[in-house]
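# Reading the structure
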Amino acid sequence: MTAPGSSQTPSSLRTAGSALVNWWRAATLDALIIGVLWLIGLKLIHVPLAPFWALLGAILQIIPTFGAMLALIGPVISIAVQGPDDWWRLGLVFGLYALIMFLEGLVIGPYVLHRTTKVPWWAAFLGPIVMGIIIPFWGVLLAPPLLAVIFALRDRNKVRL
């Protein structure tokens with residue numbers, strides 16, 4: 001028990017720190033899943049250096065919004081340099097990117113964030129959108145860890161009441 005009038009700051013900081021660690025676990029698991037999806041898709045399309053591009057895609061997935069776009073550059077160049085007859089496979093790589101980003105944004109990301117940090121699905125989905133409108137660029141980057149901290153503190157306060 002704490003003395004009357006004393007601050008709960010150390011406990012709040014511990015809760016926030018724990019929430020950020022859980023968010024990092026969620027981001028890492030999300031990146032691993034995306035890397036596996038890239039590997040499967042690129043192998044099926046027969047993209048040269050598919051394991052390397054999938055690993056790079058998993059690593060870049062940690063960067064919100066822009067990481068996935070950066071991950072697309074390698075496979076596109078890899079197919080583009082093979083010759084002009086590979087337009088079909090190039091289209092398949094773009095389709096794979098669209099499918100992975102659709103699944104990540106609507107299913108995988110919110111699910112993993114919810115399971116790891118207890119952030120509700122609706123908040124994990126809408127948080128980056130709303131924060132991106134309020135604070136363009138930075139809002140999208142800060143929304144997931146900020147949501148993890150907010151909901152961890154909210155849950156801790158519910159337990160105390």
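In case you missed it, the structure is sitting above this.
I will try to describe carefully the structure that is included in this document.

Reading guide: rules and limits
- Residues numbered from 1 in each chain as written.
- Predicted model: local features only at pLDDT ≥ 70, side-chain atom pairs only at ≥ 80, totals over all residues.
- Heavy atoms only, no water.
- Axes fitted to C-alpha atoms, helices over the stretch in contact; angles between N-to-C directions.
- Helix = DSSP H or I, 4+ residues; strand = E, 2+ residues; numbered from the N terminus.
- Parallel < 35°, antiparallel > 145°, perpendicular 65-115°, else oblique.
- Left-handed = near helix turned anticlockwise from the far one by under 90°.
- Contact = heavy atoms within 4.5 Å.
- Buried < 20%, exposed > 50% of the residue type's maximum accessible area, 1.4 Å probe, protein only.
- Lys, Arg positive; Asp, Glu negative; His and termini not counted.
- Salt bridge = Lys/Arg side-chain N within 4 Å of Asp/Glu carboxyl O.

At a minimum axis distance of 10 Å, the contact between helix α3 (residues 66-80) and helix α4 (residues 87-117) shows a crossing angle of 165°. Regarding the angle of α3 to α4, the classification is roughly antiparallel. As α3 runs across α4, the sense of the crossing is right-handed. Contacts between α3 and α4 involve Ala 68, Met 69, Leu 72, Pro 75, Val 76 and Ile 79 from the former and Arg 89, Leu 90, Val 93, Phe 94, Tyr 97 and Met 101 from the latter.

With that settled, consider the side chain of Glu 104. Take Glu 104: it is sitting in helix α4. Of the side chains with opposite charge, Arg 115 lies nearest to the buried Glu 104, which makes no salt bridge, at 15 Å. Apart from residues no more than four positions distant in its own chain, Glu 104 is found in contact with Asp 30, Ile 34, Gln 61, Gly 109 and Pro 110.

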